[in-house]
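# Structural characterization, general
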Amino acid sequence: SLPAKLINGGIAGLIGVTCVFPIDLAKTRLQNQQNGQRMYTSMSDCLIKTIRSEGYFGMYRGAAVNLTLVTPEKAIKLAANDFFRHHLSKDGKKLTLLKEMLAGCGAGTCQVIVTTPMEMLKIQLQDAGRIAAQKKLMAAQAQLSPSAAAEPAVETRTTATQITRELLRSKGIAGLYKGLGATLLRDVPFSIVYFPLFANLNKLGQKDPNVKAPFYVSFLSGCVAGSTAAVAVNPCDVIKTRLQSLQRGVNEDTYSGILDCTKKIWQKEGPTAFFKGAYCRALVIAPLFGIAQVVYFIGIAEFLLDMLPKPRA
């Protein structure tokens, strides 16, 4: 049932995001730093420096936004894929690869309604620590005067609510959907790759077509399919992250659109820049979708719904 699908998707998203959010924060910061302004050399270096400067919970900046919106996002994504697969199948026949890809395309298109504003707000909060650390480093290198150096550098922390209000006031609802085109460019190909690959890998673990695969098969299938799709679309994710970042570090480029961003990254940072944070993204997506598929296929929601009191006839 649709309520069960939505509950399963939501629970899966909450568990997955809680487990992998620090790696996602490292991915965002690595993708946003440009040549000549490198604060971090790797994922581990980023996480260590984040803990030192911002504390343990600094790794979870922006997590509240993700945890709030990931439930509808994952619910829409998983339920939409099932919806399209159901309507593309005829008389219960096995879907062709093309139809599986079309179902994934539909799911990726539907989810951007929630994904775009969620990612927009999350990126501002995740990257704020990197920009603040960069400013402190630049100030130290500039050898401030004793009186100026004595003044503590205070980072003004903004909340998702404050960012939302400012965007709505200055740019309207369009402000929350900045980078919509880049989000579509990332999420649609991701779903086209992910869902058919997962479905076919999961079938390999089914002894009987009418019986669900063991949970570990669903988990591993989700991990492999998720990490493969994540790396494949990482260039689009780098572009999306850059376009959605409202604040820039010292001497960092600004971009007017997808083509301008692609051109500047290619010319100034080289083609390898499009794969910044790729291993982080693979580490984020693999367990996230592995957990999501296990929860979704086990059907926790069905158990919870069965526990609810039934209306009397």
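Residues numbered from 1 in each chain as written. Predicted model: local features only at pLDDT ≥ 70, side-chain atom pairs only at ≥ 80, totals over all residues. Heavy atoms only, no water.

## A few points about the overall build of the protein
Basically, it comes down to this: Helix and strand definitions here come from DSSP, where helices need a minimum of 4 consecutive H or I residues and strands a minimum of 2 consecutive E residues; each element is numbered from the N-terminal end. Relative accessibility under 20% of the residue-type maximum defines a buried residue, over 50% an exposed one, and the middle range a partly exposed one, all with a 1.4 Å probe and only protein chains included. Residues count as neighbours in contact if any of their non-hydrogen atoms are within 4.5 Å of one another. Values of accessible area rely on a 1.4 Å probe in the Shrake-Rupley scheme; residue burial ignores everything except the protein chains shown.
Across its full length, the protein carries 12 helices and zero strands. Secondary structure elements of the protein, listed N to C terminal, follow the sequence α-α-α-α-α-α-α-α-α-α-α-α. Across the 313 residues in the protein, those meeting the buried criterion constitute 49%. Restricting the contact set of the protein to residue pairs at least 6 apart, pairs at least 24 apart contribute 81%. In the form shown here, the protein has an accessible surface area of approximately 15,700 Å², with 66% of it arising from carbon and sulfur atoms.

## Re the pattern of salt bridges
Which entries qualify depends on this criterion: Salt bridge criterion: a side-chain nitrogen from Lys or Arg within 4 Å of a carboxyl oxygen from Asp or Glu.
Inspection of every chain in the model, using the stated rule, returns 19 salt bridges. Among the ionic pairs, Lys-49 bridges to Asp-45, the shortest N-O distance being 3.3 Å. Pair noted here: Lys-49 and Asp-45 are both in helix H2 (residues 43–54), with a separation of four residues, about one helical turn. Judged by relative accessible area, Lys-49 falls into the partly exposed class, the value being 34%. For Arg-186, the salt bridge goes to Asp-187, with nearest N and O atoms at 2.7 Å. Residue class for Arg-186 comes out buried when judged on its relative accessible area of 5%. Among the residues examined, Asp-187 registers a relative accessible area of 3% and is labelled buried.

## What to know about a nonpolar patch on the surface
Put simply, the rule reads: Only residues whose relative accessible area exceeds 30% and that form no salt bridge enter a patch; like-charged residues are grouped when within 9 Å of one another, and nonpolar side chains (Val, Leu, Ile, Met, Phe, Trp, Tyr) when within 5 Å.
A contiguous nonpolar surface patch, about 430 Å² in accessible area, is contributed by Phe-215, Tyr-216, Phe-219 and Leu-220. For Tyr-216, the position within the fold is in helix H8 (residues 215–232).

## A closer look at the nonpolar core
Short version of the rule: Among the buried residues, those of types Ala, Val, Leu, Ile, Met, Phe, Trp, Tyr and Cys that are joined through side-chain atoms within 4.5 Å form a nonpolar core.
The biggest cluster of nonpolar side chains holds 30 residues, and the ones touching the most others in it are Met-43, Phe-190, Tyr-194, Ile-285, Leu-288 and Phe-289. Mapped by element, the contributors of at least two residues to this core are helix H1 (2–32), H2, helix H3 (63–88), helix H7 (180–204), H8 and helix H11 (278–298). Counting residues per element, this core draws most heavily on H1, at six residues. Excluding its chain neighbours within four sequence positions, the residues that come into contact with Phe-289 are Lys-74, Lys-77, Phe-190, Tyr-194 and Gly-222.

## Overview of empty space enclosed by the protein
Heads up, the rule is: Definitions used throughout: a 1 Å grid over protein atoms alone; a cavity as a set of points that fits a 1.4 Å probe which cannot get out; a pocket as an open set with protein on both sides within 12 Å along at least five of seven lines; a lining residue as one with an atom within 4 Å of a point. Grid points are joined across faces, edges and corners, and a volume is the space filled by probe spheres set on the points. Under the scheme applied here, ten amino acids are nonpolar (Ala, Val, Leu, Ile, Met, Phe, Trp, Tyr, Cys and Pro), four are charged (Asp, Glu, Lys and Arg), and all others, including Gly, are polar.
According to the stated counting rule, one finds one cavity of 30 Å³ or more in the structure shown. For the largest cavity, the lining is made up of 22 residues, of which Lys-74, Glu-119, Arg-281, Ile-285 and Leu-288 are closest to its centre. Secondary structure elements with two or more residues in the lining of the largest cavity: H1, H3, helix H4 (97–141), H7 and H11. A per-class count over the lining of the largest cavity returns 10 nonpolar, two polar and 10 charged.

## Notes on the side chain of Asp-237
Note the threshold: Throughout this description, a polar contact denotes any pair of N or O atoms lying within 3.5 Å of each other; where both atoms belong to protein, one of them has to be capable of donating a hydrogen while the other can accept it, and for residues adjacent in sequence the pair is counted only when both atoms sit in side chains.
Here Asp-237 is to be found in helix H9 (residues 234–244). Here the side chain of Asp-237 touches Lys-27 through a polar contact of 2.9 Å, side chain to side chain. Once you skip the residues sitting within four places of it in the chain, Asp-237 turns out to touch Lys-27, Gln-31, Arg-186 and Arg-281.

## What to know about the packing of H9 against helix H10 (residues 258–269)
Heads up, the condition is: Helix axes are fitted only over the stretch in contact, all axes being lines through C-alpha atoms; the angle between N-to-C directions runs from 0 to 180 degrees. Geometric relationships in this document are graded by angle, where less than 35 degrees denotes roughly parallel, more than 145 denotes roughly antiparallel, 65 to 115 denotes roughly perpendicular, and other angles denote oblique.
At a minimum axis distance of 10 Å, the contact between H9 and H10 shows a crossing angle of 110°. In this view, H9 runs roughly perpendicular relative to H10, as classed from their interaxial angle. Seen from H9, the contacting residues are Val-238, Ile-239, Arg-242 and Leu-243; seen from H10, they are Ile-258, Cys-261, Thr-262, Ile-265 and Glu-269. Class assignment for the residues of the contact of H9 with H10 results in six nonpolar, one polar and two charged.

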